[in-house]
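Coordinates in review
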Amino acid sequence: MPLVTIEHVTDLDYQAVRRELVSFIRGFFRAAGARGLVVGVSGGVDSATTLALAVDAVGADRVLALIMPDTRVTPEEDVRDALEVVKAFGVEHVKLEIDAIVDAFVRVAGEASRKTVGNLRARVRMALLYYHANERNLLVTGTGDRSELSIGYFTKYGDGGVDFLPIGVLYKTQVRRLAVELGVPRRIAEKPSSPRLWEGHMAEEELGVSYVDVDTVLFALLDLGLPPKKAAEVTGKSVEVVERVCELMNSAKHKQVPLPMPSLEAVYAHWPGLEKAREALRSRA
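Worth saying up front: this structure is predicted, and the values here are computed from it rather than measured.

In this section: the overall build of the protein. From N to C terminus, the protein includes 15 helices and 4 strands. Expressed along its principal axes, the backbone C-alpha trace of the protein runs to roughly 70 × 50 × 45 Å. Burial statistics for the protein: of 285 residues in total, 47% are counted as buried. Long-range contacts, defined as pairs at least 24 residues apart, comprise 76% of the intrachain contacts of the protein with a sequence gap of at least 6. Carbon and sulfur atoms make up 55% of the accessible area of the protein, which amounts to about 15000 Å² in all. Of the side chains in the protein, 36 bear a positive and 39 a negative charge, and the two mean positions are spaced by 5 Å.

Here is the structure:
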């Protein structure tokens, strides 16, 4: 029997966590001076949970949901689930089919691979979220969870382009449990995850590992501070699974840090005007 299991990961006081996340959203919202929040709702568990928390924090009348399918790759079931969620939580919603925007971009920029066009879809959705956010003075509320953020399973300047991340501290398996506590239909809380960036796109198939395994290994590595070999030993996961999670984490580092820039101190060394300005201020003091 493994010493560390997924039950350790999901053993949270979900009502207390709910209060913490709602308090965080409310505080961030008030500090920003915005009029409301906008959430991209896909029909999946992360966006449904984020929407529920947003409504809890600021009220349904201050939350806008955007449903943004590409009809060629987004199953109608996902659109129905998204509509069910926004109606259940009583928020205003706008459905925007992005097919024509994607096609126009490809016509101008040229044909590209399935992955490139898939990431374009995520970036089109980001642009539409900010379009409405700018027009109404809203905050773009990210739906990424800790699992996705840790392994880089998001599109840079796509679903990664947001103002804040309310569920960014929760693993995917924890989000599923919280979703049920928040009143998200269990069918949606438990449905397999997919970014739907291309037809038939499923998260766990692309990753090559299940979220239960991802979360168990991440918990061992990040929260228990164990080295990979020990993480495999205590979780009972194969070395290959642990190595796969580590590989995903390492390849995601460029998504998790500020954009690289030259040293500001190095520039200061060649900036006489800066020192002259400082001297002028000192002489007036």
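There's plenty left to go through after this.
Ranked by internal contacts, the top residues of the largest apolar core, which has 38 residues, are Leu37, Val41, Leu51, Leu53 and Val63. Of all the secondary structure elements, the ones that give two or more residues to this core are helix H2 (14-32), strand E1 (36-40), helix H3 (45-58), strand E2 (63-67), helix H4 (76-88), helix H8 (172-181) and helix H9 (186-190). The element best represented in this core is H3, accounting for 9 residues. Ignoring anything within four residues of it in the chain, the contact list for valine 63 reads Leu37, Val39, Leu51, Ala54, Val55, Val58, Val91 and Glu92.

What follows deals with the packing of aromatic side chains. The geometry of an aromatic ring pair is captured by the separation of the ring centres together with the interplanar angle, meaning the angle of the planes. Scanning the entire structure with this criterion turns up 3 aromatic pairs. Taking 6.1 Å as the distance between ring centres and 45° as the angle between the ring planes, the aromatic pair formed by phenylalanine 24 and phenylalanine 164 counts as tilted. In this pair, phenylalanine 24 is assigned in helix H2 and phenylalanine 164 in the loop between helix H7 (146-151) and H8, connecting sequence segments 140 residues apart. Looking at phenylalanine 164, the relative accessible area reads 5%, which means it is buried. Ring plane angle 15° and centroid distance 4.5 Å describe the contact between phenylalanine 28 and phenylalanine 164, whose orientation is recorded as stacked. Remark: phenylalanine 164 occurs in the loop between H7 and H8 and phenylalanine 28 occurs in helix H2; sequence separation between them is 136 residues. Judged by relative accessible area, which is 30%, phenylalanine 28 ranks as partly exposed. Aromatic ring contacts, followed pair by pair, group Phe24, Phe28 and Phe164 into a single cluster. In this arrangement the basic side chain of lysine 172 is found over the ring face of tyrosine 211, its NZ or CZ atom lying 4.9 Å from the centre.

About the thresholds
- Residues numbered from 1 in each chain as written.
- Predicted model: local features only at pLDDT ≥ 70, side-chain atom pairs only at ≥ 80, totals over all residues.
- Heavy atoms only, no water.
- Helix = DSSP H or I, 4+ residues; strand = E, 2+ residues; numbered from the N terminus.
- Buried < 20%, exposed > 50% of the residue type's maximum accessible area, 1.4 Å probe, protein only.
- Contact = heavy atoms within 4.5 Å.
- Areas by Shrake-Rupley, 256 points an atom, 1.4 Å probe, with all protein chains shown as cover.
- Lys, Arg positive; Asp, Glu negative; His and termini not counted.
- Charge placed at Lys NZ, Arg CZ, Asp CG, Glu CD.
- Core = buried A, V, L, I, M, F, W, Y, C linked by side-chain atoms within 4.5 Å.
- Phe/Tyr/Trp six-rings, centres within 6.5 Å; stacked < 30°, edge-to-face > 60°.
- Lys NZ or Arg CZ within 6 Å of the ring centre and 35° of its normal.

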